[in-house]
Structures are given as C-alpha cells and as structure tokens.
Amino acid sequence: MKLSVAAVRAFLWRSALLAALWWALTDGRADSWGVGSVSILAAVSLSLRLLPPVPTTVSRIGLLRFAVFFFVQSLRGGIQVAWLALRPRFSLRPAIHEIPLRLPEGIGRVLLANTLSLLPGTLSVGLEGRRLCLHVLDAAAPTEVEVRRAETRVAHMLGLKLEET
Amino acid sequence: MTTTEIASFILLLTGAVFFFAGTVGLLRFPDVYTRLHALAKADNLGLGFIMLGLLLQAPSPATALKLVLIWLLALAASATVGFLIARRARQNGIVPWQSGDRR
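None of these values were measured; they are calculated from a predicted model.

Participant: Just checking my understanding: could you explain the confidence of the model for chain B for this structure?
Facilitator: Caution is warranted with low-pLDDT regions, since their predicted coordinates should not be read in detail. Scored by pLDDT, chain B comes out at a mean of 93, with 99% of its residues at no less than 70. Element-level mean pLDDT values for chain B span from 93 in helix α3 (residues 61-91) of chain B up to 96 in helix α1 (residues 3-28) of chain B.

And the structure:
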C-alpha cells in the first residue's frame, strides 16, 4: 500500500476509534491494554485492507445534520408503525416503488438503503445498480420526496455529488 | 425514588411499549414485508428507549459508551438483516400483500 496522507489519517482515526471501543469493552481496566494494543493494531490493519481509505472526508456538520434527521425520522417511523400495529381497525395499503438513485455507486447507496428501512413507511427490498426497490406501507404517501430528502442528507454527510438520473 | 430513577423507569416502560407494539405487528401484519416494517422500526425505537433508560443508571462512562454501541450495532444489524430477508423474499417471488387481499 502506498503511504499517502489519506492512509495515515485513516490509520490514526481508526486506531483512536478502536482504542475507545477497547476502553469501553474493558471498562477502562489498565491491565488490559497489553492485549488491547495488539488487538487494536490487528483490527486496524484488517480494516485498512477490507475498507481502503478514500480521500473524501466525512463532513462533521453533515454528520450532525444526518444524525438529527435520522433520530427524528426513525422516531416518527417507530411511532407510526406501532400505531398501525395496535389500532383496532386494520389500515395498510402497501405498494412497491422503484426509485432511481442519484447517489454514486458505493457506500452511499448502501447506507441510504439501510437508513430507509428505519424511516417512516419505507423498507428497502432490492438494490440493483442505481435502482432502489422499496416496499411502502401507504401507497399514497409522498415516498419519493422522503427518499430524496434522505438521499440529500447522505450525500451531504459523505461529501458525495448527486448525479442526474 | 429520585428524579433520575423515575426518568429511567419511564424510559424503560416506553421502550417496552414499542417492543410490545412491534411484536403485535409481527403477529398481526399480513405478509413478510409488512412484518419486517414492524420489527425493524418499532424494535429499534424500543431498544433506543431502553438504552436511554439504562444510560441513566450506568455506573461508569465506559458502560454508558458500551450501551450506546450496543444500540448502534443492533440498528445496523436490523436494517441489514431486514433488507436481506426482504430481498430474498422478493427474489423468491413472494408477492406483497395488497389491501384487497384476505389476511
């Protein structure tokens, strides 16, 4: 592997995150750091091999905005589906929607598909190329608007450019 | 009971309500897709509330961080597993239930 700035940054960031993880797992016990540092180094080198560092950086403001969006929307999603399950009258009008994504190939699309399964009324059931297949609980809901909103948030967070479909 | 204990109790109870609703959805909803909706969304919220309730009782910052990590891992797992089950169901030709169909 070529030693680039991105690689060094990724190495340091991932080491710091995994060290925090180790600290949490061992409740901060001082005598565990011997095994810990070996495990952290092994995990970092494995992670660099499986997920090579990319020059794009995660925008901090984008991450915060995505987190807030995700919390609010998943709260809505959970309350909505809990209400649908508990109300005496049964009122589902499911449908399948196919939506062409504007996100470029890669982690952005996967993250969006996973996120949508936790947002109100949508469940990802397929992702082929840029075509995302969604199962929705209410055929009449403005699904595309919601998907576009989530898509924009993901793109902003990961510093990705949206492509025209 | 202290205020923290009462807040923790309310959060844990809220979490249990969402788990209950998710399970009712699992039993009541008509097909695999709608059931996945109920499980992924309601249980994620239920676990979130239980995590918050336990966070108020966490004995150390490390335990608190561990609780948050458990929730994040469960989130990622339920979204991914939900997607895999739904995709497989669709590949196997399971047609989604529609509002005119019998339950």
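Participant: Explain unusual backbone geometry to me, please; I cannot follow it from the model alone.
Facilitator: Glycine aside, a negative phi is what most residues show, and trans is what most peptide bonds show. Residues and elements named next belong to chain A. Backbone geometry places D27, a non-glycine residue, at a positive phi of 60°. Within the secondary structure layout, D27 lies in the loop between α1 (5-25) and α2 (33-50). Residue class for D27 comes out partly exposed when judged on its relative accessible area of 39%.

Participant: Help me understand the nonpolar core in this model?
Facilitator: What tends to happen in soluble globular proteins is that the nonpolar side chains get buried as a cluster. Counting 25 residues, the largest nonpolar core has A:L112 and A:L116 as its most contacted members. A total of six residues in this core trace back to one element, the largest contributor, which is helix α5 (residues 143-158) of chain A. A:A85, A:L92, A:L137 and B:A42 belong to the second largest nonpolar core, which has eleven residues in total.

Participant: How should the pairing of strand β3 (residues 131-136) of chain A be read in this particular structure?
Facilitator: Side-chain positions along a regular strand alternate between the two faces of the sheet. Residue and element names in this part refer to chain A. Burial runs high along β3: five of the six residues are buried. Where strand β1 (residues 95-100) meets β3, six bridges bridge the pair, whose relative direction is antiparallel. Along β3, the bridge assignment pairs P100 with R131. Relative to β3, strand β2 (residues 122-128) is paired through six bridges, and the arrangement is antiparallel. Following the sheet pairing, T122 is matched in β3 by V136.

Participant: Would you mind going over the interface of chain B and chain A with me for this structure?
Facilitator: Each partner contributes to the interface: chain B provides 39 residues, whereas chain A provides 44 residues. Between chain B and chain A the total buried area reaches about 3300 Å² when both faces are included, carbon and sulfur atoms providing 73% of it. A per-residue breakdown of the area chain B buries against chain A is headed by B:H37, B:K41 and B:F83, which together make up 19% of the total. Applying the counting criterion to the chain B and chain A interface returns zero salt bridges.

Criteria and thresholds
Residues numbered from 1 in each chain as written. Chains lettered and ligands numbered in written order. Predicted model: local features only at pLDDT ≥ 70, side-chain atom pairs only at ≥ 80, totals over all residues. Heavy atoms only, no water. pLDDT = per-residue confidence, 0-100. Helix = DSSP H or I, 4+ residues; strand = E, 2+ residues; numbered from the N terminus. Buried < 20%, exposed > 50% of the residue type's maximum accessible area, 1.4 Å probe, protein only. Core = buried A, V, L, I, M, F, W, Y, C linked by side-chain atoms within 4.5 Å. Pairing = 2+ DSSP bridges. Contact = heavy atoms within 4.5 Å. Buried area = accessible area lost by both parts, 1.4 Å probe. Salt bridge = Lys/Arg side-chain N within 4 Å of Asp/Glu carboxyl O.

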